[in-house]
Amino acid sequence: DVIVGPNSTGGSMAIMGDITAAKMPTMGLVGGTPPVEPVKPFMFKSPQKTSTAVEKAFTYLKKKGLTRIGVVVDATGFGQDGLEQINKFSSGFTITTVEKFNMSDTDMTTQMSKILATKPQAVVVWTVGKAGSVAAKSLRQLNSKIPLIQSHGIADHSYLKLAGKAAEGSVMPALKILVAGSIPASDPQKKTIDSFLKKYGKLIDATSVHAIYAYDGINLMLNALKRSKAEKISVVQALETTRNFAGVTGIYNITKQDHCGLDVSSLVMVRVKNGKFILEDL
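(A) Here's a closer look at a nonpolar patch on the surface. Residues V4, I218 and L222 make up a contiguous nonpolar surface patch of about 220 Å² in total accessible area. Mapped onto the elements, V4 comes out in strand β1 (residues 3-4). Given the relative accessible area of 34%, V4 is considered partly exposed.

(B) Local environment of unusual backbone geometry. The linkage connecting G5 with the following residue, P6, adopts the cis geometry, with an omega of -5 degrees. Here P6 shows up in the loop between β1 and α1 (9-22). Going from E37 to P38, the amide bond is cis rather than trans, its omega being 0 degrees. When you line up the elements, P38 lands in the loop between β2 (26-28) and β3 (43-45). A positive phi is found at N244, a non-glycine position, where the angle reads about 50 degrees. Of note in this structure, N274 is not a glycine but carries a positive phi near 55 degrees. Position of N274 among the secondary structure elements: in the loop between β11 (267-273) and β12 (276-281).

(C) Structural context of the pattern of salt bridges. Using the criterion set out here, one finds 8 salt bridges in the structure. Between D187 and K176 there is a salt bridge, with its nearest N and O atoms 2.8 Å apart. Of the two residues, D187 sits in the loop between β8 (171-175) and α7 (190-206) while K176 sits in the loop between β8 and α7, which places them 11 residues apart along the sequence. One network of salt bridges, in which partners are shared, links E37, K49 and D258.

(D) Structural context of the sheet that holds β2. A sheet is described by the order of its strands in space; here 3 strands give the open sequence β1-β2-β3, paired in parallel fashion. This sheet does not close on itself; its edge strands, each paired only once, are β1 and β3. Relative to β3, β2 runs parallel, the two being bridged by 3 bridges. Along β3, the bridge assignment pairs M27 with F44.

(E) Expanded view of the environment of A174. On the secondary structure map, A174 appears in strand β8. A residue is classified by how much of its surface remains accessible, and A174, at 1% relative accessible area, is buried. Along the sequence, A174 and L61 sit 113 residues apart, while their C-alpha atoms lie 15 Å from each other. When sequence neighbours within four positions are dropped, the list of residues in contact with A174 reads A155, S266, L267, V268 and V270.

(F) View of the packing of aromatic side chains. Per the counting criterion, the structure on display carries 6 aromatic pairs. Considering the side-chain rings of F78 and W126, the 6.5 Å spacing of their centres and the 20 degrees angle between planes classify their relative orientation as stacked. Of the two residues, F78 is situated in helix α3 (residues 77-88) and W126 in strand β6 (residues 122-126); the sequence distance between them amounts to 48 residues. For F78, a relative accessible area of 8% corresponds to the buried category. For W126, a relative accessible area of 0% puts it in the buried group. Consider the rings of F245 and Y252, whose centres lie 6.4 Å apart with planes at 65 degrees: the pair is edge-to-face.

How each quantity is defined
- Residues numbered from 1 in each chain as written.
- Predicted model: local features only at pLDDT ≥ 70, side-chain atom pairs only at ≥ 80, totals over all residues.
- Heavy atoms only, no water.
- Patch = residues over 30% accessible without salt bridge, like charges linked within 9 Å, V, L, I, M, F, W, Y side chains within 5 Å.
- Areas by Shrake-Rupley, 256 points an atom, 1.4 Å probe, with all protein chains shown as cover.
- Salt bridge = Lys/Arg side-chain N within 4 Å of Asp/Glu carboxyl O.
- Helix = DSSP H or I, 4+ residues; strand = E, 2+ residues; numbered from the N terminus.
- Buried < 20%, exposed > 50% of the residue type's maximum accessible area, 1.4 Å probe, protein only.
- Pairing = 2+ DSSP bridges.
- Contact = heavy atoms within 4.5 Å.
- Phe/Tyr/Trp six-rings, centres within 6.5 Å; stacked < 30°, edge-to-face > 60°.

Below you can see the structure in the form of structure tokens.
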């Protein structure tokens with residue numbers, strides 16, 4: 001009746017023709033913006049859009065007066081989407097240069113050297129997975145002080161393990177669950193986050209916060225299936241009228257114009273300190 005997945009931006013784009021032809025409601029577990037922007041009739045997604053994460057990160061950079069930035073992105077759909085969104089939100093910023101890398105690269109010293117030669121105030125890296133730790137290690141070999149901003153796709157326990165000491169000081173947009181103890185009781189997500197941590201906290205610590213996107217994606221679909229049956233509407237109509245749905249990722253308000261339904265309030269800025277994530281900025 002429905003699909004939950006895929007979990008990559010490229011994967012979602014690859015199946016778009018098939019799910020459209022089959023009129024199959026699909027909940028992607030992907031970070032990128034292209035699967036849902038512009039809106040596709042049957043594709044939805046549970047993680048924040050790249051555009052939302054870039055907006056959060058650039059608001060933080062501007063607040064800190066870091067407006068001269070060097071950018072490093074991967075060659076995947078996620079990285080290229082990141083670059084596109086960075087350009088969109090670059091008003092008031094100077095992008096000193098842009099460097100690219102392949103996800104299979106085991107060293108980025110060359111790219112980081114070129115970035116640092118342009119004398120930026122901060123380095124922004126947009127990637128996911130192991131590549132984020134490679135980028136951090138390569139940068140810190142050359143410069144231990146310059147602010148490093150990573151993507152929301154790096155805000156995960158695996159980054160701390162893979163990057164080790166090189167992760168120290170990194171700042172990035174992240175899910176609130178990473179700093180749950182610092183989230184105020186008045187936050188509308190607080191109850192849902194605490195309940196989730198009680199059930200699955202140890203599993204998430206041992207694996208990845210990205211599993212949360214699947215948890216929310218499945219629950220969004222289950223809610224839509226129940227409403228579809230009860231209200232005699234299509235699953236797509238049920239998804240497009242999902243309001244104030246408190247997920248672990250954020251509060252979802254999905255519409256015909258927005259098949260994600262999350263805004264910047266679903267993210268916080270975190271910093272790595274002493275091998276742990278701490279709240280940097282709400």
